[in-house]
Amino acid sequence: MQTANDDDGQTESDSSSPLFTPEGSPSPSPAKEHVKVALQEAPFVEGLFHFNQFLSSEECQEIVENVIDCHYFNTDQGRDQAVLFGMRNNSNSKEHDESQPNGLPHWAQMLLRMIEERLRVTYKDTINKDILDILYNPSPETEYTRQMILNIYTPGQGIADHIDIPHRFLDGIMILSFGSGISMDFAPTKNKDGEQAFSLYLQPGSICILTGKSRWEWTHGIPAQTYDLVHNKQTDQVHRIERSARFSITIRWLKIQPESSTNTNDDIAQSNLRSHQT
Ligand SMILES: O=C(O)CCC(=O)C(=O)O
Ligand SMILES: [Fe+2]
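What comes next concerns the included structure.

Definitions and limits used
Residues numbered from 1 in each chain as written. Chains lettered and ligands numbered in written order. Predicted model: local features only at pLDDT ≥ 70, side-chain atom pairs only at ≥ 80, totals over all residues. Heavy atoms only, no water. Phe/Tyr/Trp six-rings, centres within 6.5 Å; stacked < 30°, edge-to-face > 60°. Helix = DSSP H or I, 4+ residues; strand = E, 2+ residues; numbered from the N terminus. Buried < 20%, exposed > 50% of the residue type's maximum accessible area, 1.4 Å probe, protein only. Lys NZ or Arg CZ within 6 Å of the ring centre and 35° of its normal. Polar contact = N/O pair within 3.5 Å; in protein donor to acceptor, adjacent residues only side chain to side chain. Donors = N, O, S within 2.8 Å, 3.2 Å for Na, K, Ca; no water.

1. Notes on the packing of aromatic side chains
For the structure on display, the rule yields nine aromatic pairs. An angle of 90° between the planes, with centres 5.1 Å apart, marks the rings of Tyr-144 and Trp-253 as edge-to-face. Here Tyr-144 is found in strand β5 (residues 144-153), whereas its partner Trp-253 is found in strand β14 (residues 246-255), with 109 residues between them in sequence. You'll find Tyr-144 and Trp-253 in the same group, each marked buried. Ring centres of Phe-198 and Trp-218 lie 5.7 Å apart, and the angle between their planes is 55°; on these two criteria the pair is classed as tilted. Of this pair, Phe-198 sits in strand β9 (residues 198-202) while Trp-218 sits in strand β11 (residues 218-222), placing them 20 residues apart in sequence. For the pair Phe-198 and Trp-218, one class covers both residues: buried. Connected via pairs of aromatic rings, a cluster forms that spans Tyr-72, Phe-73, Phe-178 and Phe-247. The cationic tip of Arg-146 hangs over the ring face of Tyr-136; the distance from NZ or CZ to the ring centre is 5.1 Å.

2. Remarks on the side chain of Ser-206
Relative to the assigned elements, Ser-206 resides in the loop between β9 and β10 (207-210). Its relative accessible area of 1% is what places Ser-206 among the buried residues. From its side chain, Ser-206 meets the backbone oxygen of Gln-203 in a polar contact 2.6 Å long.

3. Structural notes on the coordination of the iron ion (ligand 2)
Binding of the iron ion (ligand 2) to the protein goes through His-162 (NE2), Asp-164 (OD) and His-220 (NE2), at separations of 2.1 Å. Counting along the primary sequence, the residues that act as donors to the iron ion (ligand 2) give the motif H-x1-D-x55-H. Remark: His-220 occurs in strand β11 and Asp-164 occurs in the loop between β6 (157-162) and β7 (173-179); sequence separation between them is 56 residues. The two residues Asp-164 and His-220 agree in class, both being buried.

In structure tokens:
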């Protein structure tokens, strides 16, 4: 593998949006820790799907504008995360219908429908009915609701390696990336079948879907660094790409638990995952 300093072939971040300024300018400071080389495409892991250019740059821009209009964030005051909830659903109700009002803001409902349609039509050769059901029509034993976490990562910020809390969230997690690309580390928790940890570069406009084994038995996390190293398969070169501000939307099914359960501790545990470069 050769190394290169430019970011030839990589998708640029959208620095024109107010969500991505002033933190959006590239930061040249080197990370202290070893920076792993990320792949552009995911290797095979059961239940993991990763599609680059899932959303066009126009669609990304529209989503970001909708989010800006909702005023969820104030990065000056450290408010870089927002959590949205849909209405509850349960296993006795009719088949889940994403076209019914569900308590989420209009833009979020439109986004959910658009993702479903695209997976069903454009990605039908890869996403079968079982996976679509996990993502859009679960039949769990408990009540559940849609949860969407919106995160802004400035350069140097990350999230610790983790498995999304198993007793809190159902199977099926979708991660959409906007603004800057970022490397996400994946590692198997059960050392078997010769599975190897790897790092995957999440480009803006990409979707990363975790189901089955990749959701329950692999950790994912974002290293807190100011740049990423990305392997270009075509040229077999490694490119250094400075991070700018990234915005992500993580879509999950949240289990609704009795008042007496440990919801609060779980929420604190989940939000404490965000990490900074030290
Ligand atoms: O922001 C991301 O890309 C991932 C977030 C995540 O893994 C989580 O909230 O559990
Ligand atoms: Fe996660």
